[in-house]
Amino acid sequence: MKHLTIAALMASVAGPAFAQDMTLRFQSSDPAGNPNFQLQQQWAESVSEMSDGAIEIELLPVESIVAHNETQDAIAAGILDGHVTDTSYFAGKDPAFGLIANPVGAYGDPQEMLDFMYQGGGKELMNELVNPYGLQFIGATTPGLEAFVSKVPLEGVDDLEGLKVRAPEGLVQQVFAAAGAAPVNLPGSEVFTSLDKGVIDAADYTVFSTNQAQGMHDVAPHPVYPGFHSMPLVEISMNKSKWDSLSEEQQTMLETSVQDFAQMQIETLNEADQEAVEEAKASGEVTVHDWSDEERAKFRQIAQGEWEKVAERSDNAQKVYDALTAYLNEQGLM
């Protein structure tokens, strides 16, 4: 389905008619066949069960109504009720969104990110960021720490020197460049072919099991797992006016549903990753590289310098930086 612009859709949005029983329309940033979207559908079903049918979530795949980076505006306008999306898509509005969404190199596992969100001030920061745009942050999830795809052996930071690596624009590219790599901007659809033809040596792509399923290790048999770089924060947020109309019990139920979903998603994809790693090792054609704590710390130190640059770009980004580094220091992760 071709998405329309926000302006075209706003004309067709009726005024809010809000009953106790409601159906909320959320748009995901993942396509329908993606494992993440399939797991998100299970979350939507759980909301119906937990609310005894009082709240139904209609979950739509990416681009169904608006473009992936327009969902925030669509929610504020009442075109959508909520989204399940990578927060970094809104970094153009405030660099703080990019920093809180994926502070490259910060986390060693998903639980560290969730601890920051719920115990280190991340949840409160998210609402400071999204409330002015008419949204309420319900909770966070993540597919997990992404693996790293490479044609050549990588044992640590020094091996990144001169490496032609596919990385998304923004903070991820900044960090890899600072580490000595040569970032290349390519869409995900071109990663396999570019690796195969030698256009790139390595790629920031996704989790190990998906890399394996898509044949990445056939052309890049030196993955780094667990990854050392990227773990996207996926926010579940909704229209703040509609959130405010819910009872306290319903709000708590939604927050609990997201926390339960996050654990389920992380565990499901981690299990798939473990199986894929064993399959890759058993093939005898793939060498899985696991960086030492010292090398991961070196990469994090390089990344921290880039976080500081982002922090200078807005007051909100500085708040995120201060809270994040305070948490990492408290946990002994700096």
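Cut-offs applied
Residues numbered from 1 in each chain as written. Predicted model: local features only at pLDDT ≥ 70, side-chain atom pairs only at ≥ 80, totals over all residues. Heavy atoms only, no water. Axes fitted to C-alpha atoms, helices over the stretch in contact; angles between N-to-C directions. Helix = DSSP H or I, 4+ residues; strand = E, 2+ residues; numbered from the N terminus. Left-handed = near helix turned anticlockwise from the far one by under 90°. Contact = heavy atoms within 4.5 Å. Nonpolar A, V, L, I, M, F, W, Y, C, P; charged D, E, K, R; others polar. 1 Å grid on protein atoms, 1.4 Å probe; cavity = no way out; pocket = protein on both sides within 12 Å on 5 of 7 lines; lining within 4 Å. Points joined across faces, edges and corners; volume = space filled by probe spheres on them. pLDDT = per-residue confidence, 0-100. Phe/Tyr/Trp six-rings, centres within 6.5 Å; stacked < 30°, edge-to-face > 60°. Buried < 20%, exposed > 50% of the residue type's maximum accessible area, 1.4 Å probe, protein only. Lys, Arg positive; Asp, Glu negative; His and termini not counted. Salt bridge = Lys/Arg side-chain N within 4 Å of Asp/Glu carboxyl O. Pairing = 2+ DSSP bridges.

## What about the packing of helix H2 (residues 35-50) against helix H12 (residues 248-283)?
Packing of H2 against H12 brings their axes to within 10 Å, and their N-to-C directions diverge by 145°. In the crossing of H2 with H12, the sense of the turn from one axis to the other is right-handed. Where H2 abuts H12, its residues Asn-36, Leu-39, Gln-40, Gln-42, Trp-43, Ser-46, Val-47 and Met-50 lie against Met-253, Leu-254, Thr-256, Ser-257, Val-258, Phe-261, Met-264, Gln-265, Thr-268 and Leu-269. Grouping the amino acids of the contact of H2 with H12 by side-chain chemistry returns 10 nonpolar, 8 polar and no charged.

## Observations concerning empty space enclosed by the protein
Applying the stated criterion across every chain, the model contains 1 cavity of 30 Å³ or more. Here the largest cavity defines a volume of roughly 30 Å³. Lining the largest cavity are Asn-102, Pro-103, Gly-105, Ala-106, Tyr-107, Leu-145, His-229, Ser-230 and Met-231. Taken together, the residues that form the lining of the largest cavity break down as 5 nonpolar, 4 polar and no charged.

## Quick word on the confidence of the model for the chain
Residues with a pLDDT of 70 or more make up 94% of the chain, whose mean pLDDT is 92. Ignoring residues within four places in sequence, the model shows residues 1-19, a span with pLDDT below 50, making 27 contacts including any to other chains.

## Brief notes about the packing of aromatic side chains
The tally for this structure, following the rule as stated, stands at 11 aromatic pairs. Here the aromatic rings of Phe-26 and Trp-43 are separated by 5.6 Å at their centres, their planes lie at 65°, and the arrangement is edge-to-face. Residue Phe-26 is found in strand E1 (residues 22-28), and its partner Trp-43 is found in helix H2; the two are separated by 17 residues along the sequence. Just as Phe-26 is buried, Trp-43 falls in that class too. Note on Phe-90 and Phe-97: the rings are 6.3 Å apart at their centroids and 75° apart in plane angle, and the pair reads as edge-to-face. In this structure, Phe-90 and Phe-97 share a single accessibility class: buried. Feature note: the residues Phe-148, Phe-176, Phe-228, Trp-291 and Phe-299 constitute an aromatic cluster, connected by ring pairs.

## Focus on unusual backbone geometry
Here the amide bond leading from Tyr-225 into Pro-226 is cis, since omega sits at -10°, within 30 degrees of zero. You will see that Asp-52, though not glycine, has its phi angle at about 55°, which is positive. Its place among the elements puts Asp-52 in the loop between H2 and strand E2 (55-60). In the Ramachandran plot, Glu-63 falls in the positive-phi region, its phi being about 70° despite a non-glycine side chain. Structurally, Glu-63 can be placed in the loop between E2 and helix H3 (71-77).

## Points about the layout of surface pockets
In this approach a probe as big as a water molecule rolls over the atoms, and the regions it shows empty are the leftover space. There is about 1,200 Å³ of room inside the largest pocket. Taken together, 41 residues make up the lining of the largest pocket; nearest its centre are Asp-86, Ser-88, Tyr-89, Glu-146 and Pro-232. Elements that contribute at least two residues to the lining of the largest pocket include exactly H2, helix H4 (95-101) and helix H7 (171-178). Of the residues belonging to the lining of the largest pocket, the class tally is 17 nonpolar, 16 polar and 8 charged.

## Overview of the side chain of Asp-201
Among the structural elements, Asp-201 can be located in the loop between helix H8 (191-197) and strand E8 (202-204). Despite its burial, Asp-201 pairs with no opposite charge, the nearest such side chain being Lys-164 at 4.4 Å.

## Let's talk about the sheet that holds E8
If you walk across this open sheet you meet the 4 strands as E5-E8-E6-E7, and the pairing is mixed. Two strands bound the open sheet, and with one partner strand each, they are strand E5 (148-150) and strand E7 (182-184). This sheet shows a mean twist of 30° between the axes of neighbouring strands, independent of strand direction. Summarising the sheet, E5 and E8 pair through 3 bridges and their orientation is antiparallel. Its bridge partner lying in E8, Val-149 is registered against Ala-203. Against the sheet, H7 engages E5, strand E6 (164-166), E7 and E8, with an angle of about 155° to E7.

## Quick word on the pattern of salt bridges
Taken as a whole, this structure holds 8 salt bridges when the rule is applied. The shortest N-O distance in the salt bridge between Lys-123 and Glu-255 comes to 3.3 Å. Linking Lys-123 in helix H6 (residues 122-130) with Glu-255 in helix H12, this pair joins segments that are 132 residues apart in sequence. Owing to a relative accessible area of 22%, Lys-123 belongs among the partly exposed residues under this scheme. For Glu-255, a relative accessible area of 17% puts it in the buried group. A salt bridge links Glu-128 to Lys-319; the shortest N-O distance between them is 3.0 Å.

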